[in-house]
Amino acid sequence: MASNPLLGSRISLISKKNIRYEGKLYSINESDATVALQNVKSFGTEGRELLDTTGASTFVPPSDVVHAYLLFRGQDIKDLHVHEKTNDGAAAAAAAAEQQQHEVAAASPAD
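As the structure is a computational prediction, the values presented were derived from the model and not from experiment.

J.: Describe the pattern of salt bridges, and please don't skip the residues or the numbers.
T.: Counted according to the given criterion, the structure contains five salt bridges. Across the salt bridge formed by Arg20 and Glu22, the nearest N and O atoms sit 2.9 Å from each other. As far as the burial class goes, Arg20 and Glu22 line up, both buried. Between Arg20 and Glu46 there is a salt bridge; the shortest N-O distance is 2.8 Å.

Spelled out as structure tokens, the structure:
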């Protein structure tokens, strides 16, 4: 089995109960149709509340708890967004190079 390039990416997932979760993609199991996230935080329903069959709101508040791992069944996922994966070292180097380029341009005499 080949390694998935998305592993380690930051994921936002909305469950069928309209609760948003965010964490790092830990695994995808195609045969079980599951997605595992690591270091997961729940942001609650964030205004996506619906009325249940009794007419009560399905509001779920956000939580400060960070779960080590959560496993989601594919059938329980309403939406999934993969955030752009960044390499902190490469981003810092690019920012430093850009800053240096601006300093050189600012120090050059104008024609």
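J.: Please provide a residue-by-residue account of the nonpolar core, values included.
T.: Judged by nonpolar contacts, Ile11, Leu13, Ile19, Tyr21, Leu25, Val35, Leu37, Val40, Phe72 and Ile77 together constitute the single largest core of ten residues. Secondary-structure elements contributing two or more residues to this core are strand E1 (10-15), strand E2 (20-29) and strand E3 (34-44). No other element matches the three residues that E3 contributes to this core. Each residue touching Val35, except ones within four places of it in the same chain, is listed here: Leu25, Ser27, Leu70, Leu71, Phe72 and Ile77.

J.: Give me the side chain of Ser12: which residues, what numbers.
T.: By the secondary structure assignment, Ser12 is in strand E1. Since its relative accessible area comes to 11%, Ser12 is described here as buried. Engagement of the side chain of Ser12 in a polar contact is seen with the side chain of Glu22, the distance being 3.0 Å. One polar contact links Ser12 to His83, side chain to side chain, over a distance of 2.7 Å. Sequence-distant contacts of Ser12, defined by excluding residues within four places in its chain, comprise Arg20, Tyr21, Glu22, Asp79, Leu80, His81 and His83.

J.: For the environment of Leu71, give the residues involved together with the corresponding values.
T.: Positionally, Leu71 belongs in strand E4 (residues 66-73). Using a relative accessible area of 61% as the deciding quantity, one classes Leu71 as exposed. C-alpha of Leu71 to C-alpha of Ala36: the two residues are 35 residues apart in sequence and 4.4 Å apart in space. Setting aside residues no more than four positions away along its own chain, Leu71 makes contact with Thr34, Val35 and Ala36.

J.: Any details on the packing of aromatic side chains? Residues and values, ideally.
T.: This model, assessed by the stated rule, comprises two aromatic pairs. Look at Tyr26 and Tyr69: their rings are 4.8 Å apart centre to centre, the planes differ by 70 degrees, and that puts the pair in the edge-to-face class. With Tyr26 in strand E2 and Tyr69 in strand E4, this pair connects stretches of sequence that are 43 residues apart.

Thresholds, definitions, all that
- Residues numbered from 1 in each chain as written.
- Predicted model: local features only at pLDDT ≥ 70, side-chain atom pairs only at ≥ 80, totals over all residues.
- Heavy atoms only, no water.
- Salt bridge = Lys/Arg side-chain N within 4 Å of Asp/Glu carboxyl O.
- Buried < 20%, exposed > 50% of the residue type's maximum accessible area, 1.4 Å probe, protein only.
- Core = buried A, V, L, I, M, F, W, Y, C linked by side-chain atoms within 4.5 Å.
- Helix = DSSP H or I, 4+ residues; strand = E, 2+ residues; numbered from the N terminus.
- Contact = heavy atoms within 4.5 Å.
- Polar contact = N/O pair within 3.5 Å; in protein donor to acceptor, adjacent residues only side chain to side chain.
- Phe/Tyr/Trp six-rings, centres within 6.5 Å; stacked < 30°, edge-to-face > 60°.

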